[in-house]
Every structure is written in structure tokens, then in C-alpha cells.
Amino acid sequence: MAKEGAQRAEETEQMIEKEGGKEAAEGSAAGSLRAGDTKEMRAVVLSAFGGLNKLRVSKKAMPEPQEGELKIRVKACGLNFIDLMVRQGNIDNPPKTPLVPGFECSGIVEALGDSVKGFEIGDRVMAFVNYNAWAEVVCTPVEFVYKIPDDMSFSEAAAFPMNFVTAYMMLFEVANLREGMSVLVHSAGGGVGQAVAQLCSTIPNVTVFGTASSFKHEAIKDSVTHLFDRNADYVQEVKRISTDGVDVVLDCLCGENTGKGLSLLKPLGTYILYGSSNMVTGETKSFFSFAKSWWQVEKVNPIKLYEENKVIAGFSLLNLLFKQNRGGLIKGVMDKLLNLYNNKKIKPVVDSLWALEEVKEAMQRIHDRGNIGKLILDVEKAPTPLVS
């Protein structure tokens, strides 16, 4: 173990030396590491809330781990739809700008803060980060860090935490998914949608109804039982197949889909809202779209819920982690998910890799709903040259 840790530490130092700067090559090996370590790093910076032009790659001071934190040399970062909403300032109590976006990453442990146990320098890890993930180096509390299985790549690891923990928590902790039940999931081709489909397949006889853009159907048709065009009347399509409706509705759209989802629930069924992507209609925040989306939300009558035996719930993984202090609960979920991964029951779907400098194009692909699975920022990837 000690020998393996030393080898990983040496690999980490070699990587740091490579990143540190060309000037380091002029000195001795030990001296060159010190000369090249400028204590600066590249990071994606959001200068103000708004459009894609508010994002840029800049140099920032490299963070150092505080007590209970790990310092991670980042290899890959995950992009999620919530990142678009953060960029627009389309969230409750947004932080002050300038800021570094991003909530999940993977990489190599570079340093340990005081009182950190269970990790060594050189460990391959994935982590949740309360912002600041889109950078070459991050520091985050040890409770949000998990070791990567040997056969999982860094890009897969960056695609794993947000999507699979969200899907697992909604299906098994909130909706209590069991054999023979049925699930309707929107954006079935996205990262969470694909995680939901895979987790449902681990339970016998679960029927999955999915909605997605028609151009994605060929690629994802085998991952769900019934697939519908996101612009079609999916309510009638679902009822045609299952006259009683479904047991679980997972809604990341909001707006008019809230009422539709509630209308499809069987008695004792559960509707879970975990996003509101219908509010993001343009590059910048639109108060008209926000108002329209909420105006379309069916007003929930508690008496009606009681009479119809229906459950309505909400889920926010980031709030659970960073505001409600449920890191211990999430660690237990991650242990279960990694066991499923090691047994080849689940596997993150990576749509594409992008350089930090290509973050604007990557965000536009998410906005256009063009991705199948997860978009990843690859920190070591060079930008793709423009073709004239």
C-alpha cells in the first residue's frame, strides 16, 4: 500500500511538473518543480450573470486545502443543465460574481488538509464541489469525495455523481421503486434520463416511459420501454398503453408538464419535480419565460391530492448536499451505486469531451438539447482548431 501510494505521488508530481510551466525544464528536477509551480491555475470564470459572453478562461490563484479538505488536480468536470441556470442567474439566491461554475469533477489527490483520513496523495477520485469545479485544481471537504473504480475513466467519473445520485435518490429514496412499477421520465436522452433508465433496469419488470427529441430516438430506443417525441401528446400515448397511468413521474421540465404529470399518476403514485428547464428558452434570463412557465403550473389542491391518493415531491441534490448537510446519506448512496457499477449493472453515458476554452460551445449543445448523456470538460484537452 505504501509503495503504491508513493508511486501515485510520483505520478502526481510528474503531472504537476508538466502543468507547471516550460520554464521549469531549465533547472534540476527538484528545483524545476518549485520554479514551475506558479501557484496559479486556469479556470472558467463567469464574470456576470447573462449570456455565453460572460464566460472566459482566466488565471486564478490556486486554492490550498483547509482542515478536512482534499486538494484535487482536476482531470475532467461535468456539465449539467443547472449550470446554464447558474450562468443566467436563474436560481434562488445566486452567489456573487465573478465566480467559477461547476459542481462535480474527477482527478488525482494532490494534497491533504489536516485531519483528513481514508485518502492518500495520488488517489484517483471524483467529487462534489460547491461551485469552483471548472478549474485545474479544486479543494472540497473529504465527505464529498469518493474513490474511482480502477476501470472507470476520468471522463466517466465526472459524469457519474450528479446524474446517478439524483436518479437513485428519486427512484428509491423518494418514490420507493419496486418490482412491477412504471416510471415516466422526461429528457430520457440526457444524463439523468439515461441514469434513470439504467437503474430501472436493475429492478424486475419496471416499465419506463420516456420523452425525448425525435432525433435521439434511434440512439436511446433500447434504454426505455416506450419512447415518445417530446413535442407530442405523450399523455394520451401513455394512457393508450397504460390506462391507469404510471406509478412515478420524474419531471425536469416544469410548466405545463406539472399538470400533465399529476394527471398521469396512479393512486399512491409519486410526482417528483427536480428541474425547470422550460424556464430556459434563450441565452439570457427571460422574465417572460419564467412567468409563463409558472403560470402554466397547475395549482395543487391538497384536498384533491388527498382524495386521489397522490404524492407530489421535489428533489434538489445540491441543496441536500450543501445546505441540508446530508453528505453522509449521499455517501451511502454512492457506495450502492459504485457496487452496481463494479457489477456492470450501470455505466455513465458520455456524450462528448470539450476543452475548458470550448465551454461556451458545450453549454450551447446542452441548451439545444443536442446531447445524449453527459457533456464533459476535459481539462487536458486542447481546443479543436476552427475549420475555415
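In what follows, the accompanying structure is described.

The rules behind these values
Residues numbered from 1 in each chain as written. Predicted model: local features only at pLDDT ≥ 70, side-chain atom pairs only at ≥ 80, totals over all residues. Heavy atoms only, no water. Helix = DSSP H or I, 4+ residues; strand = E, 2+ residues; numbered from the N terminus. Contact = heavy atoms within 4.5 Å. Areas by Shrake-Rupley, 256 points an atom, 1.4 Å probe, with all protein chains shown as cover. Phe/Tyr/Trp six-rings, centres within 6.5 Å; stacked < 30°, edge-to-face > 60°. Buried < 20%, exposed > 50% of the residue type's maximum accessible area, 1.4 Å probe, protein only. Lys NZ or Arg CZ within 6 Å of the ring centre and 35° of its normal. Polar contact = N/O pair within 3.5 Å; in protein donor to acceptor, adjacent residues only side chain to side chain. Arc of directions from axis to C-beta. Core = buried A, V, L, I, M, F, W, Y, C linked by side-chain atoms within 4.5 Å.

## Thoughts on the overall build of the chain
A count of helical and extended segments in the chain gives 14 helices and 15 strands. Considering only intrachain contacts with a sequence separation of at least 6, the fraction spanning at least 24 residues in the chain is 70%. Just so you have it, the chain exposes about 18200 Å², and 51% of that area is on carbon and sulfur atoms.

## Digging into the packing of aromatic side chains
One pass over the structure, following the stated rule, counts seven aromatic pairs. Ring plane angle 25 degrees and centroid distance 5.0 Å describe the contact between Phe 160 and Phe 164, whose orientation is recorded as stacked. For the pair formed by Phe 160 and Phe 164, the shared burial category is buried. Judged by centre distance (4.7 Å) and plane angle (45 degrees), the ring pair of Tyr 168 and Phe 172 falls under tilted. You can see Tyr 168 and its partner Phe 172 sitting in helix 5 (residues 161-174), four residues apart, about one turn around the helix. The exposure classification of Tyr 168 matches that of Phe 172, with both residues buried. The rings of Phe 160, Phe 164 and Tyr 341 are connected pair by pair, giving a single aromatic cluster. Arg 124 extends its terminal NZ or CZ atom over the ring of Phe 154, reaching a point 4.8 Å from the ring centre. Over the face of the ring belonging to Phe 119 we find Lys 147, whose NZ or CZ atom lies 5.6 Å from the ring centre.

## Some words on the side chain of Ser 352
The residue Ser 352 is located in strand 14 (residues 350-354) in this model. A polar side-chain atom of Ser 352 sits 2.7 Å from a polar atom in the side chain of Asp 351. Every residue in contact with Ser 352, bar those within four places of it in the chain, is listed here: Arg 365, Lys 374, Leu 375 and Ile 376.

## Notes on helix 8 (residues 234-241)
The periodicity of an α-helix, 3.6 residues per turn, causes residues three or four places apart in sequence to face the same way. All buried positions along helix 8 are accounted for by Tyr 234, Val 235 and Val 238. Projected down its long axis, helix 8 carries its buried residues within an arc of 105 degrees, all on one side.

## A word on the nonpolar core
Among the nonpolar cores identified, the biggest contains 97 residues, and Phe 128, Trp 134, Phe 160, Leu 199, Leu 250, Ile 330 and Leu 337 are the most heavily contacted of them. Counting residues per element, this core draws most heavily on helix 5, which supplies nine residues. With near-sequence residues (within four places) excluded, Leu 337 lies in contact with Phe 160, Phe 164, Val 165, Tyr 168, Leu 199 and Ile 346. Val 235, Val 238, Leu 264 and Leu 265 belong to the second largest nonpolar core, which has 12 residues in total.

## A word on unusual backbone geometry
The general pattern is negative phi for most residues beyond glycine and trans for most peptide bonds. Residue Pro 98 is reached from Thr 97 by a cis peptide bond, and omega for that bond is 0 degrees. Its place among the elements puts Pro 98 in the loop between helix 3 (81-88) and strand 4 (104-112). Of note, the phi angle at Tyr 131 is positive, near 70 degrees, even though the residue is not glycine. Secondary-structure assignment places Tyr 131 in the loop between strand 5 (124-128) and strand 6 (137-141). Phi at Lys 344 is positive, roughly 60 degrees, even though this residue is not glycine. By secondary structure assignment, the location of Lys 344 is in the loop between helix 13 (327-342) and strand 14. Using a relative accessible area of 66% as the deciding quantity, one classes Lys 344 as exposed.

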